[in-house]
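Structure at a glance
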Amino acid sequence: MNAVNISSNKSFGGWNKQYSHFSEVLGCQMRFAIYLPPQTSTGEKVPVLYWLSGLTCTDENFMHKAGAQRVAAELGIAIVAPDTSPRGEEIPDDAEAAYDFGLGAGFYVNATQAPWSKHYQMYDYVVKELPELVESLFSVSSRRAISGHSMGGHGALVVALKNAERYASVSAFSPISNPVNCPWGQKALRNYLGDDRQNWAQYDASELMKASVSDLPEPVPRLVPALVDQGGADDFMVEQLKPEALEEAANVSGYPLELRRQDGYDHSYFFIASFIEDHLRFHAANLK
């Protein structure tokens with residue numbers, strides 16, 4: 001698997017880089033960003049935090065706005081940020097070019113419905129293809145954590161809940177916590193997966209977390225520790241994000257979730273930048 005370097009910028013002793021590669025899973029050219037901390041220059045294999053961005057974002061938003069590189073350099077953690085959907089002229093988009101579906105809005109699912117199923121396989125891309133590529137090209141280990149914002153917070157929680165053996169920890173900022181019951185989620189899941197709501201539940205963090213302990217055989221396997229921050233002044237909180245559903249699911253199942261409500265913070269990267277250090281240190285402690 002090959003990747004072409006597009007850009008490279010030194011940052012806090014490490015390197016912020018951007019790569020393009022052809023994705024067999026998505027059937028198109030894809031781009032991802034990676035921060036390699038200074039420890040990798042000596043050949044040390046460092047753990048990786050995968051960051052999944054929200055609606056309308058690309059691989060660049062987090063790397064440019066979150067201010068994560070300083071702490072990642074200190075902790076010796078690489079950060080990988082993929083794009084949010086397949087891209088290209090041949091890739092289908094929402095008929096009305098709406099921001100909440102199609103390009104920039106892959107929702108980190110494996111689509112089953114035409115025409116989306118040919119390219120919109122973002123779940124497999126994030127869980128399998130991208131880590132295999134990253135681990136083959138860079139001085140990183142197979143120790144992984146995952147995080148994200150909004151749609152990406154939804155993706156991070158779902159990916160971790162469904163793949164506990166692959167991730168040391170998961171965190172999210174303002175995730176779409178219960179997509180089967182919000183307009184953004186219902187639109188995306190219906191189009192990508194069809195009308196059967198049972199198929200939607202496999203990509204709903206609240207549904208997965210509710211069942212994560214109660215439906216498991218004894219002894220209960222390891223559960224991925226979860227940290228979630230929700231801004232108290234987030235305009236999307238009530239209609240779209242529904243953090244109370246995730247909190248209730250954790251209470252029902254006993255899942256190790258810490259959900260913090262941060263007064264006055266909105267849905268922007270100002271919020272993410274304010275608490276990203278907490279999240280990086282949370283992941284570092286679990287990656288050990």
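The structure this text deals with has already been given above.
Predicted model only: the values in this text are computed from it and were never measured.

**Topic: the environment of S20**
Mapped onto the fold, S20 is located in strand β2 (residues 14–23). S20 gets classed as buried once you look at its relative accessible area, which sits at 16%. In sequence terms S20 and G194 are 174 residues apart; their C-alpha atoms lie 31 Å from each other. Here the side chain of S20 touches Q29 through a polar contact of 3.0 Å, side chain to side chain.

**Re the nonpolar core**
Buried together is how nonpolar side chains tend to be arranged in soluble globular proteins. If you look at the biggest cluster of nonpolar residues, it comprises 66 residues, and the most contacted ones within it are F32, F107, V134, I146, Y192 and L257. The element best represented in this core is helix α3 (residues 122–137), accounting for eight residues. Here Y192 is in contact with F101, G102, A105, G106, F107, V109, A111, T112, Q113, W116 and Y120, once residues within four sequence places are set aside. Core analysis: the next-biggest nonpolar cluster, separate from the first, contains 25 residues, F62, A81, L280 and L287 among them.

**Concerning the pattern of salt bridges**
Inspection of the entire model under this criterion finds 14 salt bridges. Between R87 and D83 there is a salt bridge, and its shortest N-O distance comes to 2.8 Å. Overall, the relative accessible area of 26% leaves R87 in the partly exposed class. For D83, a relative accessible area of 5% corresponds to the buried category.

So, how was this worked out
Residues numbered from 1 in each chain as written. Predicted model: local features only at pLDDT ≥ 70, side-chain atom pairs only at ≥ 80, totals over all residues. Heavy atoms only, no water. Helix = DSSP H or I, 4+ residues; strand = E, 2+ residues; numbered from the N terminus. Buried < 20%, exposed > 50% of the residue type's maximum accessible area, 1.4 Å probe, protein only. Polar contact = N/O pair within 3.5 Å; in protein donor to acceptor, adjacent residues only side chain to side chain. Core = buried A, V, L, I, M, F, W, Y, C linked by side-chain atoms within 4.5 Å. Contact = heavy atoms within 4.5 Å. Salt bridge = Lys/Arg side-chain N within 4 Å of Asp/Glu carboxyl O.

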